[in-house]
Amino acid sequence: MCGIVGYIGKKNAYQILIDGLKRLEYRGYDSAGISIINNNSKIVAFKQKGKVSEVESAIDSSEFTGNIGIGHTRWATHGEPNDVNAHPHFDMDENIIIVHNGIIENYKTLQKFLSGEGFTNRSETDTEILANLMNYYYRQTKNFEQAVRNSLNDVEGTYGVACLCAKEPDRIIVARKGSPLMLGVSMEEIIIASDASAIINHTKNVMYLEDGEMAVLTKQGFQLKTIKDEDIYREIQELDFELSEIEKGGFEHFMLKEICEQSDSIQNTYRGRINFDTGVARLGGLEPVMEKILNAKRILITACGTAWHAGLTGEYMLESCARIPVEVDYASEFRYRNPIIYPDDVVFVISQSGETADTLSALREAKNNGATTVGIVNAVGSTIAREVDAGTYIHAGPEIGVASTKAFTCQLMSLTLISMMLAEAKGAMDSENLKRIADEIKMLPEKIQTMIDRREEYKFIAEEFKDARNFLYLGRGYNFPAALEGALKLKEISYIHAEGYPAAEMKHGPIALIDENMPVVFIAPKDKTYDKIISNIEEVKARKGRIISIAFEDDDQIAQYSDFVLRVPKTINILTPIINSIPLQFLAYYIATARGCNVDQPRNLAKSVTVE
Ligand code: F6R
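Our focus in this paragraph is helix α9 (residues 305–322). Between its first and last C-alpha atoms α9 spans 25 Å; for 18 residues at 1.5 Å apiece the expected length is 26 Å, and the two agree. The element α9 is largely enclosed, with a buried count of 13 among its 18 residues. In the segment just after α9, R323 is the residue with positive phi, at about 55°.

In this section: the sheet that holds strand β25 (residues 546–552). With parallel pairing, 5 strands are arranged side by side in an open sheet as β23-β22-β24-β25-β26. Each having just a single partner strand, β23 (497–502) and β26 (564–568) make up the two edges of the open sheet. Averaged over all neighbouring strand pairs, the angle between strand axes comes to 20°, with direction disregarded. Where strand β22 (residues 470–475) lies against strand β24 (residues 519–523), 3 bridges are found, and the strand directions are parallel. Following the sheet pairing, Y473 is matched in β24 by V521. Sitting on the sheet, helix α15 (residues 456–465) is in contact with β22, β24, β25 and β26, with an inclination near 150° to β26.

Moving on: the pattern of salt bridges. Inspection of every chain in the model, using the stated rule, returns 33 salt bridges. As a salt-bridge pair, R298 and D345 come within 2.7 Å of each other at their nearest N and O atoms. With a gap of 47 residues between them, R298 in the loop between α8 (290–295) and β17 (299–303) and D345 in the loop between α10 (331–336) and β19 (346–351) connect regions that are remote in the sequence. The pair R298 / D345 is uniform in exposure class, with both members buried. In this structure, the salt-bridge partner of K541 is D563, at a minimum N-O distance of 3.1 Å. Here K541 is found in helix α17 (residues 530–542), whereas its partner D563 is found in the loop between β25 and β26, with 22 residues between them in sequence. Salt bridges here are not isolated pairs; linked through shared partners, they connect E145, R149, K225 and D229.

The domain boundaries assigned to the protein delineate domain 1 (2–239), domain 2 (245–449) and domain 3 (454–600). Computed over C-alpha atoms, the centres of domain 1 and domain 2 are 34 Å apart. Summing both partners gives a buried area of about 870 Å² for domain 1 against domain 2, and 50% of it is carried by carbon and sulfur. If you look at where domain 1 meets domain 2, you find 2 salt bridges. One salt bridge in this structure joins R364 and D211, with 3.1 Å as the shortest N-O distance. Connecting domain 1 to domain 2 are 3 residue pairs in polar contact (both at pLDDT 80 or more).

When you line up the elements, T372 lands in strand β20 (residues 372–377). Here the alpha-carbon distance between T372 and I299, two residues 73 residues apart in the chain, equals 9.7 Å. Those residues in contact with T372, other than ones at most four positions away along the chain, are V289, K292, P343, D345, V346, V347 and D389.

Bringing helix α5 (residues 144–154) into the picture now. Buried residues of α5: F144, E145, A147, V148, R149, S151 and L152, and no others. Buried positions along α5 lie against β6 (96–101), α4 (126–141), β7 (159–165), β8 (172–177), β12 (213–218) and β13 (221–226). A distance of 3.0 Å separates the backbone nitrogen of E145 from a side-chain oxygen at the start of α5, and that oxygen is part of N143.

Another point: the packing of aromatic side chains. Each aromatic ring pair is described using two quantities: the centre-to-centre distance and the angle formed by the ring planes. Overall, the coordinates contain 14 aromatic pairs when judged by the stated rule. Ring geometry for Y316 against Y478: centres 6.1 Å apart, planes inclined by 50°, an arrangement best described as tilted. Pair noted here: Y316 is in helix α9 and Y478 is in the loop between β22 and α16 (479–494), with a separation of 162 residues, a long-range link. On the basis of relative accessible area, Y316 is assigned to the partly exposed category, the value being 31%. Their ring planes at 35° and their centres at 5.9 Å tell us that F471 and Y473 sit as a pair that is tilted. Here Y473 falls in the buried class, since its relative accessible area comes to 0%. Here the aromatic cluster, defined as three or more aromatic residues joined through ring pairs, consists of F460, F465, F471, Y473 and F564. Lying across the ring of Y530, K526 places its NZ or CZ 4.9 Å from the centre. Positioned over the ring face of Y495 is R603, at 3.8 Å from the centre of the ring.

Strand order in this open sheet of 6 strands is β5-β6-β7-β8-β12-β13, and the pairing throughout is antiparallel. Both edges of this open sheet fall to β5 (89–90) and β13, since each of them pairs with a single strand only. The pairing of β6 with β7 spans 6 bridges and is classified as antiparallel. Within β7, the residue paired with I97 across the bridge is L164. Each of β5, β6 and β7 touches α4; the most contacted strand, β6, lies at about 140° to it. Relative to the sheet, α5 contacts β6, β7, β8, β12 and β13, its axis offset from that of β7 by approximately 155°.

Conventions used here
Residues numbered from 1 in each chain as written. Predicted model: local features only at pLDDT ≥ 70, side-chain atom pairs only at ≥ 80, totals over all residues. Heavy atoms only, no water. Helix = DSSP H or I, 4+ residues; strand = E, 2+ residues; numbered from the N terminus. Expected span 1.5 Å × (residues − 1). Buried < 20%, exposed > 50% of the residue type's maximum accessible area, 1.4 Å probe, protein only. Pairing = 2+ DSSP bridges. Axes fitted to C-alpha atoms, helices over the stretch in contact; angles between N-to-C directions. Contact = heavy atoms within 4.5 Å. Salt bridge = Lys/Arg side-chain N within 4 Å of Asp/Glu carboxyl O. Domains from an automatic or database assignment. Buried area = accessible area lost by both parts, 1.4 Å probe. Polar contact = N/O pair within 3.5 Å; in protein donor to acceptor, adjacent residues only side chain to side chain. Phe/Tyr/Trp six-rings, centres within 6.5 Å; stacked < 30°, edge-to-face > 60°. Lys NZ or Arg CZ within 6 Å of the ring centre and 35° of its normal.

This is how it looks when you write it as structure tokens:
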């Protein structure tokens with residue numbers, strides 16, 4: 001969602017803040033702004049609607065010299081994206097200025113109270129109310145830290161917040177509840193950021209703030225406390241990825257880079273976790289809760305968006321391999337429909353960012369009901385990763401493109417490994433079958449690479465369909481969620497309306513949409529439903545729909561039924577969603593770029609949705 005950056009040290013803060021905001025822009029990008037304590041100890045601020053580069057061109061940087069500052073890139077939650085609603089926000093007296101991620105849920109009550117005290121607002125944001133509240137307490141206490149603490153104790157909702165004070169210009173105060181914030185700490189400076197991408201080019205030494213904590217930063221160092229004023233000591237941690245991993249590396253877009261990384265990222269997910277001689281998979285992070293999982297009557301999976309599609313695929317995998325009943329829920333629905341959760345349930349929570357608000361709430365709901373929770377997460381040290389009872393990292397590496405690609409296939413790989421591990425532990429699958437899956441996994445990176453190497457084929461088809469107004473994606477079994485994911489990829493980056501269905505469902509409604517203008521993508525691996533899929537293709541063909549099939553290289557039947565065939569290497573059933581996702585991602589990418597869309601920053605979307 002929104003991004004926060006801050007700097008305190010000996011260098012000029014301006015460029016560090018601008019560079020940090022550019023790195024964070026993928027989290028939200030309708031407006032941006034910065035604020036600096038200048039060399040005369042005065043607060044200067046600039047903010048406006050638009051991208052960070054537009055803000056940069058509009059700022060007179062000569063006024064922004066100083067070595068303490070904060071910045072923000074916004075994705076609107078309260079109030080439309082415009083100059084006034086952009087962050088930072090001053091209080092009414094222009095004493096305290098803040099940047100804020102999250103939502104102040106009781107802002108109306110606070111606003112009512114503050115207006116009774118004579119405070120007025122310029123913007124429509126909840127953030128400005130928080131700034132006013134801080135200054136209300138500053139007027140009483142004449143102490144910045146106390147003012148921030150008192151305010152945060154009054155607030156309901158979520159925040160990652162960084163604050164400057166004109167009357168105490170030697171410090172930044174930061175705090176966190178429900179919205180990530182971390183400090184990059186080196187000898188002479190501290191960088192504040194809502195995620196590591198804005199820190200890693202300065203230092204790898206980081207400290208994550210936990211919920212209910214605040215830190216007072218000066219040029220001499222920082223002091224970590226709870227918002228109840230208890231001292232805390234925490235070890236500095238080391239980030240385990242390189243800056244080059246989050247840069248574009250010669251690709252036109254992060255999304256293309258990330259699609260093309262999947263041969264490596266898949267290997268990183270399974271590396272060291274499979275014994276290829278025996279076919280036995282071991283995920284160390286799950287060991288502490290293995291007994292609970294093996295005794296569970298069911299597994300619940302909860303997630304959002306693409307991660308939810310991975311969860312749906314996981315249902316097919318876990319039920320078929322480990323024979324454990326699985327239920328999959330949207331995290332947002334799970335949390336609010338008063339779900340029945342038994343203490344012996346195991347809840348799998350899937351999230352790339354590890355910060356998605358709905359997923360985090362679902363996790364907490366599950367924990368509150370006594371269930372055992374297992375995370376399948378990409379972002380190391382993220383909130384979900386820290387709060388689950390046990391879990392596994394998917395090791396996809398940083399995913400910057402807003403549309404999730406490599407995280408999805410790595411989530412599928414993790415779920416495959418979990419299914420193998422449980423299948424073996426439960427005796428639900430014999431070693432010959434496990435070995436067969438392991439052998440196929442070993443060949444997967446090379447197979448993925450062949451598709452990446454011939455991606456130009458997918459580009460040609462994209463040209464053909466770039467002006468379509470609707471798309472249908474159909475698949476069965478393991479490839480039904482892959483169809484949902486293919487449709488989601490297309491709509492989020494190309495703005496073409498697309499829907500995914502189980503192929504057999506088509507005749508129960510969607511078939512009414514078919515005419516000569518409707519492209520239909522069939523995911524058609526040669527599995528036990530292949531003949532049925534061919535029948536579905538014929539039904540579409542009879543109604544003049546245009547067929548794009550995704551099929552194995554050695555499928556010599558499919559071409560006669562299809563207008564276009566995207567060939568994929570042959571593999572076993574359980575791995576077909578991974579293989580088939582690659583051409584689906586390329587198709588979406590090339591259609592979107594052919595339409596001139598900004599695939600890395602699609603409209604209205606944010607990488608990490610940290611509001612409910
Ligand atoms: C789609 C996409 C989103 C995310 C969803 C959950 O390409 O990226 O649908 O999958 O917002 O995000 P995480 O996995 O970070 O919890």
